[in-house]
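A closer look at the structure
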Amino acid sequence: MNYTELDVWKFSRELVKKVYLLSNYFPKEELYALTNQVRRCSISIPSNIAEGLGRQSNKETIHYLYISKGSLYELETQLFLAFDLDYISEEQLKRILEHVTSCKKLLNGFINYFKSKK
């Protein structure tokens, strides 16, 4: 299975781009704090999907997919914090959380697929 053809991987890459564009508007003093953190955890999502699919067993693959899922939840929390700190608007938060929710659904479906193959 080529991970680059998977919708979940493609969709999570789109999320990274959205996070980078959105975090460009964070205050400069957040560059090494929240800005860095939201970018790093967003990058972790497609990276761990790819790493998981490069592993030798379904068990290892599922492990990395769960790491990706954890990063997705971490990102969601950080986006709420950015909103709480008035770095993003309610509309911006709503739009990106729609993408996060879609990504969660795809990732959960993919995890369930691999779990059923055990």
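These notes cover the structure that comes with them. (Residues numbered from 1 in each chain as written. Predicted model: local features only at pLDDT ≥ 70, side-chain atom pairs only at ≥ 80, totals over all residues. Heavy atoms only, no water.)

Below, the discussion takes up the overall build of the protein. Secondary structure assignment for the protein yields four helices and zero strands. Order of helices (α) and strands (β) in the protein, N terminus to C terminus: α-α-α-α. For the protein, the C-alpha radius of gyration of 15 Å lies close to 13 Å, the compact-globule estimate for 118 residues. Principal-axis analysis of the C-alpha atoms places the extent of the protein at approximately 45 × 25 × 20 Å. (Helix = DSSP H or I, 4+ residues; strand = E, 2+ residues; numbered from the N terminus. Rg over C-alpha atoms; globule rule 2.2 N^0.38 Å.)

In this description, a pair of aromatic rings is defined by centroid distance and the angle of the planes. Tallying each qualifying case throughout the model produces five aromatic pairs. The interplanar angle of 10° and the centroid separation of 6.3 Å between the aromatic rings of Phe-110 and Tyr-113 together place this pair among those described as stacked. Placement of the pair is Phe-110 and Tyr-113 together in helix H4 (residues 90-116), with a separation of three residues, close to one helical turn. The class for Phe-110 is buried, based on a relative accessible area of 10%. Considering the side-chain rings of Tyr-113 and Phe-114, the 5.3 Å spacing of their centres and the 85° angle between planes classify their relative orientation as edge-to-face. Counting every residue linked through ring pairs, the aromatic cluster contains Phe-110, Tyr-113 and Phe-114. (Phe/Tyr/Trp six-rings, centres within 6.5 Å; stacked < 30°, edge-to-face > 60°. Buried < 20%, exposed > 50% of the residue type's maximum accessible area, 1.4 Å probe, protein only.)

The biggest cluster of nonpolar side chains holds 31 residues, and the ones touching the most others in it are Leu-15, Ile-49, Leu-75 and Leu-79. At the level of secondary structure, the elements contributing two or more residues to this core comprise helix H1 (7-23), helix H2 (34-53), helix H3 (58-84) and H4. The greatest single-element share of this core, amounting to nine residues, is contributed by H4. Dropping the residues within four chain positions of it, Leu-75 is found in contact with Leu-15, Val-19, Val-38, Cys-41, Ser-42, Ile-45 and Val-100. (Core = buried A, V, L, I, M, F, W, Y, C linked by side-chain atoms within 4.5 Å. Contact = heavy atoms within 4.5 Å.)

An ideal rise of 1.5 Å per residue puts 24 Å on 17 residues; H1 measures up with 24 Å between its terminal C-alpha atoms. Next to the buried residues of H1 lie H2, H3 and H4. (Expected span 1.5 Å × (residues − 1).)

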